[in-house]
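# Commentary on secondary and tertiary structure
Listed here are the chains, written in short residue letters.
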Amino acid sequence: MYKIYHIPGKKIGVTRNLNKRVTEQQGYAPDEYEVLEQSEDINYISDREIELQKSYGYKVDRQSYRNLINKNKQMQINATEQTSTFPCPLDKLKGRLMDNLNLVWQTSHGEFEITKENIPWIIQNAKTSMFNDNRSYIYNKAFYEAFFNPKHTPEPYPLTSRFDLIRKWAEDRGIYDKGNSHTQYVKLMEEAGELAKALLNNDRYEIKDAIGDMVVVLTNLAVLEGMQIENCIDLAYNEIANRKGKMINGTFVKETL
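A full pass over the atoms with the stated rule returns 1 cavity of 30 Å³ or more. A volume near 40 Å³ is recorded for the largest cavity. Lining the largest cavity are Met-1, Gln-38, Glu-194, Lys-197, Ala-198, Asn-201, Asp-203 and Glu-206. With 4 residues, helix α9 (residues 181-201) is the largest single contributor of residues to the lining of the largest cavity. Among the residues forming the lining of the largest cavity, the class breakdown is 2 nonpolar, 2 polar and 4 charged.

Right, here's the structure in full:
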């Protein structure tokens, strides 16, 4: 997450690590600065930083944060006939991809581009290189079929199996053996808070991410209560399917007998 920080009377800047950039490097304690805005969109945050620097009357950076980051962090993606390899391990891949939004590279399947829409797919399908733990890769054909084939862009798997994948993921990590409904509920509230923040910031990527995270938590909560989320959804839909009512102040209010 990129954050625009403000040191009153001094400057406005951008960083992804407030403690390292502002506290350790510049020597300001957390109560000596404030966060004005934050977003995963480097283009928005770069333009917004300059706008705020001008509006506060501070010195405007000669080079936008976007250009500075792209100059220092632009990935060199190695494409072979079968794969595209990223110069970073899996645990750092999301951040590097977000730093390189709209980066284009050539493959045997044509031109590929990193976008907010395909980053989740890349993260989910990337594998660690067998030759170097600090590199990760995806299969070009699978990426092409998912996002770039003009004839069809199939879903990576049918909707019903997504819940199965979530349950398998949670089971492998001991969430069902060691977790409980109460901790999952707390997690759900945390994700709801992230969604609220994303909505306030109009951050489309984070809105999508938060909604997905809440579905994952609800899937696991259902299992811990001896249920399947599919049945919960069916129950809810059956209750609202024939419901009548009207919109009042942006909310659907059901008709009472």
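Back to the write-up after that little detour.
What follows covers the packing of aromatic side chains. If you walk through the whole model with that rule in mind, you get 11 aromatic pairs. Look at Phe-112 and Phe-148: their rings are 5.0 Å apart centre to centre, the planes differ by 20°, and that puts the pair in the stacked class. Placement of the pair is Phe-112 in strand β7 (residues 110-113) and Phe-148 in helix α6 (residues 140-148), with a sequence separation of 36 residues. Residue class for Phe-112 comes out buried when judged on its relative accessible area of 0%. Connected via pairs of aromatic rings, a cluster forms that spans Phe-86, Trp-105, Phe-112, Trp-121, Phe-143, Phe-147 and Phe-148. One Lys or Arg, Arg-16, reaches over the ring of Tyr-2 and ends 4.7 Å from the middle of that ring.

Our focus in this paragraph is the pairing of strand β6 (residues 104-107). Side-chain alternation along β6 places Trp-105 and Thr-107 on a buried face and Val-104 and Gln-106 on a face that remains uncovered. In the sheet, β6 pairs with β7 via 4 bridges, with the strands oriented antiparallel. Each residue of the ladder has a partner; that of Val-104, found in β7, is Glu-113. Here β6 hands over to β7 after 2 residues, the two strands then running antiparallel side by side.

Nonpolar side chains collect at one region of the surface, where Tyr-185, Val-186 and Met-189 lie side by side and expose about 290 Å² of accessible area between them. Checked against the element boundaries, Met-189 lands in helix α9. Take Met-189: its relative accessible area is 41%, and that puts it in the partly exposed class.

Moving on, we get to the nonpolar core. One finds Phe-86, Leu-97, Ile-114 and Ile-122 to be the most contacted residues of the largest nonpolar core, which totals 21 residues. One finds Ile-4, Ile-12, Ile-45 and Tyr-65 within the second-largest nonpolar core, a separate group that totals 9 residues.

In this section: the sheet that holds strand β3 (residues 34-39). Across the sheet, which stays open at both edges, the 3 strands sit in the order β2-β1-β3 with antiparallel pairing between neighbours. Because the sheet does not close on itself, it has two edges, and the strands there are β2 (11-15) and β3. For this sheet, the mean inter-axis angle between neighbouring strands, taken without regard to orientation, is 20°. Set on the sheet, helix α1 (residues 18-25) makes contact with β1 (2-7), β2 and β3; between it and β1 the angle comes to about 20°.

The rules behind these values
- Residues numbered from 1 in each chain as written.
- Predicted model: local features only at pLDDT ≥ 70, side-chain atom pairs only at ≥ 80, totals over all residues.
- Heavy atoms only, no water.
- 1 Å grid on protein atoms, 1.4 Å probe; cavity = no way out; pocket = protein on both sides within 12 Å on 5 of 7 lines; lining within 4 Å.
- Points joined across faces, edges and corners; volume = space filled by probe spheres on them.
- Helix = DSSP H or I, 4+ residues; strand = E, 2+ residues; numbered from the N terminus.
- Nonpolar A, V, L, I, M, F, W, Y, C, P; charged D, E, K, R; others polar.
- Phe/Tyr/Trp six-rings, centres within 6.5 Å; stacked < 30°, edge-to-face > 60°.
- Buried < 20%, exposed > 50% of the residue type's maximum accessible area, 1.4 Å probe, protein only.
- Lys NZ or Arg CZ within 6 Å of the ring centre and 35° of its normal.
- Pairing = 2+ DSSP bridges.
- Patch = residues over 30% accessible without salt bridge, like charges linked within 9 Å, V, L, I, M, F, W, Y side chains within 5 Å.
- Areas by Shrake-Rupley, 256 points an atom, 1.4 Å probe, with all protein chains shown as cover.
- Salt bridge = Lys/Arg side-chain N within 4 Å of Asp/Glu carboxyl O.
- Core = buried A, V, L, I, M, F, W, Y, C linked by side-chain atoms within 4.5 Å.
- Axes fitted to C-alpha atoms, helices over the stretch in contact; angles between N-to-C directions.
- Contact = heavy atoms within 4.5 Å.

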